[in-house]
Amino acid sequence: MIPIRPLLAALMTLTAAAPLGASEKTFARRGYYITFMRMPTYDLKDWRRIVDAVRDDGGDTLLLWVAGGFRSKKYPITWAYNQEHENVRADFVRELIGHAHVRGVKVLLGFTPFGYDGVNRYALEHPELKAVGPDGGPTAPFGIGCWGWNLCPSKAESQRFMLDYAREMIFDFYPDADGLLIESSDYAACRCRDCGSRYFEREFAFVKAISDELWARKPGAEIVVYPHYFSGAEAPGLGVRGATLPFDPRWSLMFTPHSAHPEPALIAKARASLWSDDSPSRRGPREIQANARRARREGMNGYVPSLEAFTFVADAAEEAQEWLKGERQVPLGFGWLAPGDPPYDEILQRVNRIAYREFARDPDMDFAAFEQIVGRELLGSTKPADVADLLTLQALFNADRTWCQPAPITCPDRVRAMAARDELTAARRAELRAGLDRLRALETRHREPKSGGERELLRIARWVLDRWDGPEGKLLHDGG
Ligand SMILES: [Zn+2]
């Protein structure tokens with residue numbers, strides 16, 4: 001006898017994921033961008049669930065940022081900061097890629113040339129390779145989780161290291177991966193005399209070399225790069241213009257609202273054009289819909305936004321916040337989770353995952369239709385008041401949340417730090433009190449929950465209210 005429930009669940013998964021490319025409205029490429037290296041606490045079992053989530057949400061692609069998160073034999077300095085990472089302790093990404101392939105998900109390995117996690121630690125052993133900052137002196141340390149120095153790509157040793165490290169990742173460690181995501185830095189370019197206005201030409205030397213090597217071995221490999229080597233446009237935030245080198249249509253391109261603006265001429269030529277933004281990880285369903293619409297309007301055939309959630313212990317004052325030092329990051333602001341519990345199946349993140357699944361399939365879907373779907377799936381209720389409560393709670397968790405700091409209303413430590421810096425104005429306090437009033441009303445309305453989802457709403461509302469149920473509550477009162 002075939003058990004009905006698992007069969008139904010399997011069928012539902014199939015119907016959710018099946019129509020890839022089936023309609024014009026649908027993005028041919030879907031999935032998520034996840035900074036694997038900044039999530040040290042999850043093991044293979046957790047990551048298999050995350051891959052399943054990509055598929056369940058209609059995705060076929062996982063951009064898995066692995067630099068700094070694997071145990072390089074040639075360059076132990078790249079992971080020495082990350083020894084608690086489950087994949088550094090016992091390598092499992094090869095197995096994870098196997099699982100992804102069974103589920104129909106392509107895995108592209110992510111890293112930044114000459115900067116960010118793993119790579120920026122090489123400057124500890126080779127300080128002579130540090131990039132030059134805008135003031136002409138050595139660049140200042142920077143990072144998210146992994147702090148270090150970006151490297152000057154005009155130095156031969158930087159090029160040699162970068163190529164050697166990327167080769168080790170894709171050829172020695174994870175040869176079954178489907179390709180690479182080569183993510184240009186969004187925070188700094190080297191300003192030395194050799195780089196100067198030719199920074200992106202220097203970066204491209206590496207990008208071209210590793211692309212040629214990978215395509216020689218695996219002609220079908222997908223390599224996603226940034227448009228800065230080809231467009232000649234100013235790289236947002238870096239103060240450097242892009243290069244105007246010839247574009248090989250075997251490359252796919254990545255565009256983002258903050259670091260790589262759409263380039264129609266390149267989009268027309270590329271193997272794929274992927275739009276990526278932070279809405280599923282930091283914002284809400286309306287932003288996800290707006291971004292899906294923008295991606296389609298710009299002619300992208302893929303929407304692969306961020307689903308990042310950090311769980312590292314901060315060594316540095318992330319975002320210049322001293323109070324975060326020594327603290328473990330709270331994934332998506334869900335402070336009730338144990339360090340090893342991924343946040344993606346929590347009801348508030350399910351809201352964004354369903355929004356992604358639906359709006360990536362049809363960016364023009366009526367928002368009211370989305371509300372019906374999310375209510376039915378998560379609460380077993382499509383009553384507008386119930387759905388509104390769910391969306392209100394979801395929005396409160398993302399109000400003023402940053403990459404590294406939970407929303408103030410969920411985090412008295414953050415509010416205390418704001419008070420210490422005289423940033424907790426009367427208006428801010430009133431806003432937070434109003435948010436708590438809404439939560440109290442919500443808690444009252446759902447005191448007799450009729451579904452598992454409603455029970456979750458109640459539990460989470462109470463969890464937030466409990467944060468303020470002591471001396472912390474005084475912070476929110478004027479003169480407190
Ligand atoms: Zn330089």
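Note that the structure is a prediction, hence the values are computed from the model and not measured. (Residues numbered from 1 in each chain as written. Predicted model: local features only at pLDDT ≥ 70, side-chain atom pairs only at ≥ 80, totals over all residues. Heavy atoms only, no water.)

> Help me understand the packing of aromatic side chains, please; the structure alone is not making it clear to me.
The geometry of two aromatic rings is summed up by the distance between their centres and the angle between their planes. Counted under the stated rule, the structure contains 40 aromatic pairs. Centroid distance F111 to F206: 6.0 Å. Interplanar angle 70°. Geometry classified as edge-to-face. Of this pair, F111 sits in strand β3 (residues 106-111) while F206 sits in helix α7 (residues 199-217), and the two are 95 residues apart along the sequence. An identical accessibility class is assigned to F111 and F206; each is buried. The ring of W403 carries the charged tip of R282 above its face, separated from the ring centre by 4.9 Å. Above the ring of F367, the side-chain terminus of R286 is found at 3.7 Å from the ring centroid. (Phe/Tyr/Trp six-rings, centres within 6.5 Å; stacked < 30°, edge-to-face > 60°. Helix = DSSP H or I, 4+ residues; strand = E, 2+ residues; numbered from the N terminus. Buried < 20%, exposed > 50% of the residue type's maximum accessible area, 1.4 Å probe, protein only. Lys NZ or Arg CZ within 6 Å of the ring centre and 35° of its normal.)

> Help me out: how do you make sense of the coordination of the zinc ion in this one?
Taken together, the protein donors to the zinc ion comprise C152 (SG), C190 (SG), C192 (SG) and C195 (SG), at separations of 2.3 Å. If you list the donors of the zinc ion from N- to C-terminus, the spacing comes out as C-x37-C-x1-C-x2-C. Looking at C195, the relative accessible area reads 1%, which means it is buried. (Donors = N, O, S within 2.8 Å, 3.2 Å for Na, K, Ca; no water.)

> Looking at this structure, I do not really get the nonpolar core. What am I missing?
One recurring pattern in soluble globular proteins: nonpolar side chains tend to sit buried together. Ranked by size, the top nonpolar core spans 151 residues in total, and within it W47, L109, F111 and F206 carry the most contacts. When residues of this core are assigned to their parent elements, the largest contribution, 9 residues, is made by helix α6 (residues 156-173). Two domains share this core, each providing at least three of its residues, namely domain 1 (26-353) and domain 2 (366-476). For F206, the residues in contact, after removing those within four places along its chain, are F111, P113, F114, Q159, M162, L163, A166 and I182. (Core = buried A, V, L, I, M, F, W, Y, C linked by side-chain atoms within 4.5 Å. Domains from an automatic or database assignment. Contact = heavy atoms within 4.5 Å.)

> Looking at this structure, how should I read the environment of W336?
Counting through the fold element by element, W336 comes out in the loop between β12 (302-303) and α11 (347-361). Sequence separation between W336 and I460 is 124 residues, and the spatial gap between their C-alpha atoms is 8.8 Å. Here E346 takes part through its side chain, which lies 2.9 Å from a polar atom of the side chain of W336. (Polar contact = N/O pair within 3.5 Å; in protein donor to acceptor, adjacent residues only side chain to side chain.)

> When you look at the state of the cysteines in this model, what are you seeing that I'm missing?
Here, the word disulfide means a covalent bond between the sulfur atoms of two cysteines. Under the defined criterion, the tally for this structure stands at 0 disulfides. Its sulfur unpaired, C146 is 13 Å from the next cysteine sulfur, which belongs to C404. The class for C146 is buried, based on a relative accessible area of 1%. (Disulfide = S-S within 2.5 Å.)

> Is there a simple way to think about unusual backbone geometry in this case?
Outside of glycine, negative phi angles account for most residues, and trans bonds account for most peptide bonds. In this structure, E319 takes a positive phi of about 55° despite not being glycine. Structurally, E319 is set in the loop between β12 and α11. Its identity as a non-glycine residue notwithstanding, A320 has a phi of 60°, on the positive side. Mapped onto the fold, A320 is located in the loop between β12 and α11.

> Would you take a moment to explain the pattern of salt bridges for this structure?
Opposite charge on two side chains lets them pair, provided their charged atoms get close. Taken as a whole and judged by the stated rule, the model has 36 salt bridges. We note a salt bridge from E298 to R294, for which the minimum N-O separation is 3.3 Å. Taking the relative accessible area as the measure of exposure, E298 reaches 26% and is therefore partly exposed. Across the salt bridge formed by E346 and R459, the nearest N and O atoms sit 3.6 Å from each other. Of this pair, E346 sits in the loop between β12 and α11 while R459 is found in helix α16 (residues 452-467), placing the two residues 113 residues apart along the sequence. (Salt bridge = Lys/Arg side-chain N within 4 Å of Asp/Glu carboxyl O.)

> What is the right way to read the sheet that holds strand β7 (residues 222-225) from this model?
Sheets are built from strands paired through backbone hydrogen bonds, the pairs being either parallel or antiparallel. Sheet architecture is closed into a barrel: 8 strands sit in the order β1-β2-β3-β6-β7-β10-β11-β12, paired in parallel fashion. One ladder, built from 3 bridges, connects strand β10 (residues 251-255) with strand β11 (residues 273-275); its direction is parallel. In the strand pairing of β11, L253 is matched with S273. (Pairing = 2+ DSSP bridges.)

> Help me out: how do you make sense of α7 in this one?
Note that an α-helix has 3.6 residues per turn; residues three or four places apart therefore point the same way. The terminal C-alpha atoms of α7 lie 28 Å apart, and with 19 residues this matches the ideal 27 Å at 1.5 Å per residue to within 8%. All of the buried residues along α7 are Y199, F200, E203, F204, F206, V207, I210, S211, L214 and W215. (Expected span 1.5 Å × (residues − 1).)

> Would you mind going over the side chain of D178 with me for this structure?
The topology assignment puts D178 in the loop between α6 and β6 (179-182). An unpaired buried charge is present at D178: no salt bridge exists, and K218, the closest side chain of opposite charge, is 5.7 Å distant. At 2.7 Å, the side chain of D178 forms a polar contact with the side chain of H101. Those residues within four positions of D178 in sequence are excluded, and the remaining contacts are H101, V105, K106, V107, L108, A221 and E222. (Lys, Arg positive; Asp, Glu negative; His and termini not counted.)

> Mind showing me how you'd approach the packing of helix α12 (residues 367-379) against helix α13 (residues 384-398) here?
When two helices pack together, you describe them by how their axes are tilted relative to each other and by the distance separating the axes. Where α12 meets α13, the closest approach of the two axes is 10 Å, and the angle between their N-to-C directions is 85°. Compared by their axis directions, α12 and α13 come out roughly perpendicular. Residue-level contacts link F367, E371, V374, G375, L378 and L379 of α12 to D386, V387, L390 and L391 of α13. Classifying every residue of the contact of α12 with α13 gives 7 nonpolar, 1 polar and 2 charged. (Axes fitted to C-alpha atoms, helices over the stretch in contact; angles between N-to-C directions. Parallel < 35°, antiparallel > 145°, perpendicular 65-115°, else oblique. Nonpolar A, V, L, I, M, F, W, Y, C, P; charged D, E, K, R; others polar.)

> Which parts of the structure should I look at to understand the packing of helix α10 (residues 285-297) against α11?
The geometry of α10 relative to α11 is characterised by a closest axis approach of 9 Å and an angle of 25° between their N-to-C directions. Comparing the axis directions of α10 and α11 gives the class roughly parallel. As α10 packs across α11, the resulting crossing turns out to be right-handed. In this structure, α10 contributes P285, I288, Q289 and A292 to the contact, and α11 contributes V351, N352, A355, Y356 and F359. Broken down by class, the residue content of the contact of α10 with α11 amounts to 7 nonpolar, 2 polar and no charged. (Left-handed = near helix turned anticlockwise from the far one by under 90°.)

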